[in-house]
Amino acid sequence: MRMAIVEDLPSERLKLETMLTRYGAERSVKFQILPFDSGKAFLDARPEGIDLVLIGIERAAVNGMETARRMREYDSRAQLIFVTHLVQYAIEGYGVNAVDFLVKPVAYPALCAAMDRALARIRAMAPRFLMTGYARETVSCRIQEITCIESLNRKTLIHMLDGTVLPSSEPL
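Residues numbered from 1 in each chain as written. Predicted model: local features only at pLDDT ≥ 70, side-chain atom pairs only at ≥ 80, totals over all residues. Heavy atoms only, no water.

Visitor: Account for the environment of Ile146, naming residues and giving values.
Guide: Here Ile146 lies in strand 8 (residues 146-152). Separated by 15 residues in the primary sequence, Ile146 and Leu161 have C-alpha atoms spaced 6.0 Å apart. Residues within four places of Ile146 in sequence aside, it is in contact with Leu130, Cys141, Ile158, His159 and Met160. (Helix = DSSP H or I, 4+ residues; strand = E, 2+ residues; numbered from the N terminus. Contact = heavy atoms within 4.5 Å.)

Visitor: Help me get a handle on the packing of helix 1 (residues 10-27) against helix 5 (residues 108-125), residues and values and all.
Guide: Contact pair helix 1 / helix 5: the axes reach a minimum separation of 11 Å and the direction vectors enclose 60 degrees. Here the hand of the crossing between helix 1 and helix 5 comes out right-handed. Where helix 1 approaches helix 5, its residues Met19, Leu20, Arg22, Tyr23, Glu26 and Arg27 are matched on the opposing element by Tyr108, Leu111, Cys112, Met115, Asp116 and Leu119. (Axes fitted to C-alpha atoms, helices over the stretch in contact; angles between N-to-C directions. Left-handed = near helix turned anticlockwise from the far one by under 90°.)

Visitor: Report on the sheet that holds strand 9 (residues 155-160), specifying residues and quantitative values.
Guide: One open sheet holds the three strands; their spatial order is 8-9-10, and the pairing between them is antiparallel. The open sheet is flanked by strand 8 and strand 10 (165-168), the only strands paired with a single partner. This sheet shows a mean twist of 20 degrees between the axes of neighbouring strands, independent of strand direction. Direction of pairing for strand 9 relative to strand 10: antiparallel, over a ladder of four bridges. Residue pairing for strand 10: Ile158 is matched across the bridge by Leu166. (Pairing = 2+ DSSP bridges.)

Visitor: Let's hear about the pairing of strand 3 (residues 52-56): which residues, and what values?
Guide: Side chains on a regular strand alternate between the two faces of the sheet. With respect to burial, strand 3 is a largely interior element, five of its five residues being buried. Burial of the side chains of strand 3 extends over both faces: Leu52, Leu54 and Gly56 are buried on one face and Val53 and Ile55 on the other. Alignment of strand 1 (residues 2-6) against strand 3, held across four bridges, turns out to be parallel. In the sheet register, Ile5 faces strand 3, and the bridge partner there is Leu54. (Buried < 20%, exposed > 50% of the residue type's maximum accessible area, 1.4 Å probe, protein only.)

Visitor: Before we move on, can you summarise helix 5 with the specific residues and values?
Guide: With 18 residues, helix 5 ought to run about 26 Å at 1.5 Å a step, and its terminal C-alpha atoms sit 26 Å apart, in line with that. Buried residues of helix 5: Tyr108, Leu111, Cys112, Ala114, Met115, Ala118, Leu119 and Ile122, and no others. Buried positions in helix 5, seen along its axis, are confined to an arc of 165 degrees and lie on one side of it. Helix 5 presents Pro109 and Ala124 as exposed residues on the side facing more than 90 degrees away from its buried surface. (Expected span 1.5 Å × (residues − 1). Arc of directions from axis to C-beta.)

Pasting the structure below:
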């Protein structure tokens, strides 16, 4: 899992990194943390494959809420957790589909609860596959791309969105 921390204060960024490292060790979750010192730096870098963004709201040039709005223009999948002193932004966060708001100073149990919710969302969005066999080969099909599974006289056919029909030698 790849996550970004967008926080202008180096001490706050380091605290979050330390707590996330502890969280990962305790929960056996491996992740890569990409730190950014501003919303502008994050938006300019436009890092790919980000699963989660922890973002401070109070910024000078581009505040965290604006950073989140702009990020949503190109990434609707990444989960967002806001870290702020400004609780009045909580309602605005629903507009960018934030998982949670953490109030500074961030307490470790609150971070863990927010991370658990974010990871649950990430796992729910992960593609799922149906594995089946045909002619001594294993065939993998994304469940989201299956339109119909037909079974007749011990023969199974898997119909895909693109029109492909995959025979299966295994009963489902």
